[in-house]
Amino acid sequence: EAQVTQNPRYLITVTGKKLTVTCSQNMNHEYMSWYRQDPGLGLRQIYYSMNVEVTDKGDVPEGYKVSRKEKRNFPLILESPSPNQTSLYFCASSFQVHYEQYFGPGTRLTVT
Amino acid sequence: AQKITQTQPGMFVQEKEAVTLDCTYDTSDPSYGLFWYKQPSSGEMIFLIYQGSYDQQNATEGRYSLNFQKARKSANLVISASQLGDSAMYFCAIHSYNFNKFYFGSGTKLNVKP
């Protein structure tokens, strides 16, 4: 089954404790992206990747890191999480950048 | 920079009626794509329809159509014959061909009444 998977689905952590949210797709897509969703703000793009080893900042990259060492994986790293990073996070992938995106199920992160 | 505006935070529609969800956008790039996504209460994001800036005809996908008015920079989603399962949040998004970022609107919550 073609899908985008994210882990964990739910995470409660404390300020400053490094965490990684994994994202994997099995569709051989080139373009992958991370978004955060906050009430009233819609989805905002954090980082995106055009292909392996090619990543770039989205609209709200501060406090986040990413890497794309393999085509299928695109982890999101929060080196020192803060409460303002409490949000719902989505990973997405598409065949190429201007095609429809397939979204993962979301990761709900709470930073206390 | 690109910007998407959805001015209707919430809407109601009677089952079996048509409804239009508004979306206006701003971009300086002549080449761009417009997308609509649906987010049910379960949380997943579902792609509905796409319109390219150079497409001459409005996009249609089943009960969904996109009313694309380029000069007015609007890309409204029309849902015909609403069903109870259409109750959800709907997001409009833009992607510019010269930049690789996506911008989403704040969404419209649609409630379909029986």
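Going by the structure above, here's the rest.
Throughout what follows, the structure given in this document is the object of discussion. On a predicted model such as this, the values are computed, not experimentally measured, just so you know.

### Side note on the overall build of chain A
In step 1: A count of helices and strands for chain A gives 0 helices and 11 strands.
In step 2: Element order for chain A, N to C, with α for helix and β for strand: β-β-β-β-β-β-β-β-β-β-β.
In step 3: On C-alpha atoms alone, chain A measures out to a radius of gyration of 13 Å, which is about the 13 Å that the 2.2 N^0.38 rule sets for 112 residues.
In step 4: Structurally, chain A occupies a C-alpha span of about 35 × 25 × 25 Å along its principal axes.
In step 5: Looking at the 112 residues of chain A, the share that counts as buried comes to 49%.
In step 6: Taking as baseline every contact in chain A between residues at least 6 positions apart, the subset at least 24 positions apart corresponds to 53%.
In step 7: In the structure as shown, chain A presents an accessible area of about 5400 Å², 50% of it carried by carbon and sulfur atoms.

### Some words on unusual backbone geometry
Residue and element names in this part refer to chain A.
In step 1: Looking along the chain, the bond that leaves Asn-7 and enters Pro-8 is cis, with omega of -5°.
In step 2: The phi dihedral of Asn-28 is positive, around 60°, even though this residue is not glycine.
In step 3: Considering the arrangement of structural elements, one finds Asn-28 in the loop between β3 (19-25) and β4 (31-38).
In step 4: Look at Asn-28 and you get exposed, because its relative accessible area is 52%.
In step 5: Its identity is not glycine, yet Glu-53 carries a phi of approximately 65°, on the positive side.

### Quick notes on the pattern of salt bridges
In step 1: Here the structure, examined in full by the defined rule, presents 5 salt bridges over all chains.
In step 2: One salt bridge connects Asp-86 of chain B with Arg-63 of chain B, and the closest N-O pair in it is separated by 2.8 Å. In this pair, Asp-86 of chain B is assigned in the loop between β9 (74-79) and β10 (88-96) and Arg-63 of chain B in the loop between β7 (60-61) and β8 (64-69), connecting sequence segments 23 residues apart.
In step 3: Under the relative-accessibility criterion, Asp-86 of chain B is labelled buried at 1%.
In step 4: Salt bridges linked by common partners bring Arg-36, Asp-38 and Arg-44 of chain A together as one network.

### Digging into the packing of aromatic side chains
All names here are of chain B.
In step 1: Under the definition given, this model contains 16 aromatic pairs over all chains.
In step 2: The interplanar angle of 55° and the centroid separation of 5.1 Å between the aromatic rings of Tyr-25 and Tyr-32 together place this pair among those described as tilted. The burial state of Tyr-25 is the same as that of Tyr-32; both residues are buried.
In step 3: Ring geometry for Phe-35 against Tyr-37: centres 6.3 Å apart, planes inclined by 20°, an arrangement best described as stacked.

### Things to note about the layout of surface pockets
In step 1: The space that makes up the largest pocket amounts to roughly 440 Å³.
In step 2: If you go around the largest pocket, you meet 27 residues; those closest to its centre are Gln-37, Leu-88 and Arg-108 of chain A together with Gln-39 and Gly-43 of chain B.
In step 3: Elements with a minimum of two residues in the lining of the largest pocket: β4 and β9 (87-94) of chain A together with β10 and β12 (108-113) of chain B.
In step 4: Its residues assigned to classes, the lining of the largest pocket shows 10 nonpolar, 13 polar and 4 charged.
In step 5: A volume near 240 Å³ is recorded for the second largest pocket.
In step 6: Looking at the second largest pocket, it is lined by 15 residues, and the ones nearest its centre are Ala-2, Val-4, Tyr-102 and Phe-103 of chain A together with Met-45 of chain B.
In step 7: Secondary structure elements with two or more residues in the lining of the second largest pocket: β10 (102-103) of chain A together with β6 (46-52) of chain B.
In step 8: By residue class, the composition of the lining of the second largest pocket is 9 nonpolar, 3 polar and 3 charged.

### Examining the interface of chain A and chain B
In step 1: Contacts between chain A and chain B engage 20 residues on the former and 17 residues on the latter.
In step 2: Between chain A and chain B the total buried area reaches about 1600 Å² when both faces are included, carbon and sulfur atoms providing 59% of it.
In step 3: Between the two partners, chain A and chain B, sit 0 salt bridges.
In step 4: Counting across the chain A and chain B interface gives 4 residue pairs in polar contact (both at pLDDT 80 or more).
In step 5: When residues of the side of chain A that touches chain B are traced back to their parent elements, those giving at least two are β4 and β5 (42-51) of chain A.
In step 6: At 5 residues, the largest contribution of residues to the side of chain A that touches chain B is made by β5 of chain A.
In step 7: By residue class, the composition of the side of chain A that touches chain B is 10 nonpolar, 7 polar and 3 charged.

Calculation notes
Residues numbered from 1 in each chain as written. Chains lettered and ligands numbered in written order. Predicted model: local features only at pLDDT ≥ 70, side-chain atom pairs only at ≥ 80, totals over all residues. Heavy atoms only, no water. Helix = DSSP H or I, 4+ residues; strand = E, 2+ residues; numbered from the N terminus. Rg over C-alpha atoms; globule rule 2.2 N^0.38 Å. Buried < 20%, exposed > 50% of the residue type's maximum accessible area, 1.4 Å probe, protein only. Contact = heavy atoms within 4.5 Å. Areas by Shrake-Rupley, 256 points an atom, 1.4 Å probe, with all protein chains shown as cover. Salt bridge = Lys/Arg side-chain N within 4 Å of Asp/Glu carboxyl O. Phe/Tyr/Trp six-rings, centres within 6.5 Å; stacked < 30°, edge-to-face > 60°. 1 Å grid on protein atoms, 1.4 Å probe; cavity = no way out; pocket = protein on both sides within 12 Å on 5 of 7 lines; lining within 4 Å. Points joined across faces, edges and corners; volume = space filled by probe spheres on them. Nonpolar A, V, L, I, M, F, W, Y, C, P; charged D, E, K, R; others polar. Buried area = accessible area lost by both parts, 1.4 Å probe. Polar contact = N/O pair within 3.5 Å; in protein donor to acceptor, adjacent residues only side chain to side chain.

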